[in-house]
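Analysis of the macromolecular model
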Amino acid sequence: LIGTWDDVPVVVSDGRVHLYQAHNHPIMLRRWMAPLLAFMGTGRLLVITQGVGGIGSNIAVGKIAIPTRLIAGHLPAPYLSPTNEFVTPEDELPAHEGPLVQKITGVAREVGLDCLGNVRTIMVEGPHFGGRGDREDYAERHIQTVGMSLVGELDLLAVENKERAEEQRIRAIPLQLVGNNNDSPTFDEVEEAGKDAAVKLVALLSAIVTDRTLTKL
């Protein structure tokens, strides 16, 4: 979808390709994201939304999490830069305890969203979850959220940014909505959390889209 949001030109993807959908077929993810980046033109801000599971008592359902630490080394890394260098998707996240995280956290709270910045997140390939054993393992490793997308977008963004000068790099703002925090999550509860937060999420996205200072943080 191409249009304007509060008079700001935007490109919005209606849906996304998850890791399990692109398993052994990384070209699927590239075909989805390449047009998105192309349509962005000179745009320099990419907001990536994601539904995730929460780990720990301070990651309640409905909370917004902003990850700055990414665990994804166990997943395939099919993308190389044009000079055949490996890319590091975590490098595309906001700086840990940096001004961008502080800014977005403050804006989220202003629109009534409970928000936690500097989150440690892990990506899994598909809609599977081992239950209590996985949750205990993740908690011991200080992991706070679990999701099954994000890393693909960051991989391809890292490839794109390798070809750009520093002042032209695209900045990523990952926004995770916690949809469950239990041993046996269901799709219905995840969907319900999204509906409950929808109005406030739109307000948060509006504030992000119209803030011209974010690419400088």
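What comes next concerns the included structure.

Conventions and cut-offs
Residues numbered from 1 in each chain as written. Predicted model: local features only at pLDDT ≥ 70, side-chain atom pairs only at ≥ 80, totals over all residues. Heavy atoms only, no water. Buried < 20%, exposed > 50% of the residue type's maximum accessible area, 1.4 Å probe, protein only. Helix = DSSP H or I, 4+ residues; strand = E, 2+ residues; numbered from the N terminus. Pairing = 2+ DSSP bridges. Expected span 1.5 Å × (residues − 1). Arc of directions from axis to C-beta. Contact = heavy atoms within 4.5 Å.

Right, let's get into the pairing of strand β7 (residues 171-180). Burial runs high along β7: nine of the ten residues are buried. Two elements, strand β3 (residues 45-54) and β7, share nine bridges in a ladder whose sense is parallel. Counted as the bridge partner of Leu45 is Arg171 from β7. Relative to β7, strand β4 (residues 64-71) runs antiparallel, the two being bridged by two bridges.

Before going further, it helps to examine unusual backbone geometry. Here the phi dihedral of Asp6 falls at roughly 50 degrees; this positive angle occurs in a residue that is not glycine. Note that Asp6 resides in the loop between β1 (2-5) and β2 (8-11). Within the chain, Glu97 stands out as a residue other than glycine whose phi angle is a positive 60 degrees. Secondary-structure assignment places Glu97 in the loop between β4 and α2 (99-110). Given the relative accessible area of 55%, Glu97 is considered exposed.

A rise of 1.5 Å per residue sets the reference length of α2, with its twelve residues, at 16 Å; its end C-alpha atoms lie 17 Å apart and thus fit the reference within 8%. If you check which residues of α2 are buried, you get Leu100, Val101, Ile104, Thr105, Val107 and Ala108. All buried residues of α2 project into a common sector of 165 degrees when viewed along the axis, lining one side. Facing away from the buried surface of α2 by more than 90 degrees, the exposed residues are Gln102, Arg109 and Glu110. Turning to α2, the residues buried within the fold contact β4, β5 (115-123), β7 and α5 (187-210).

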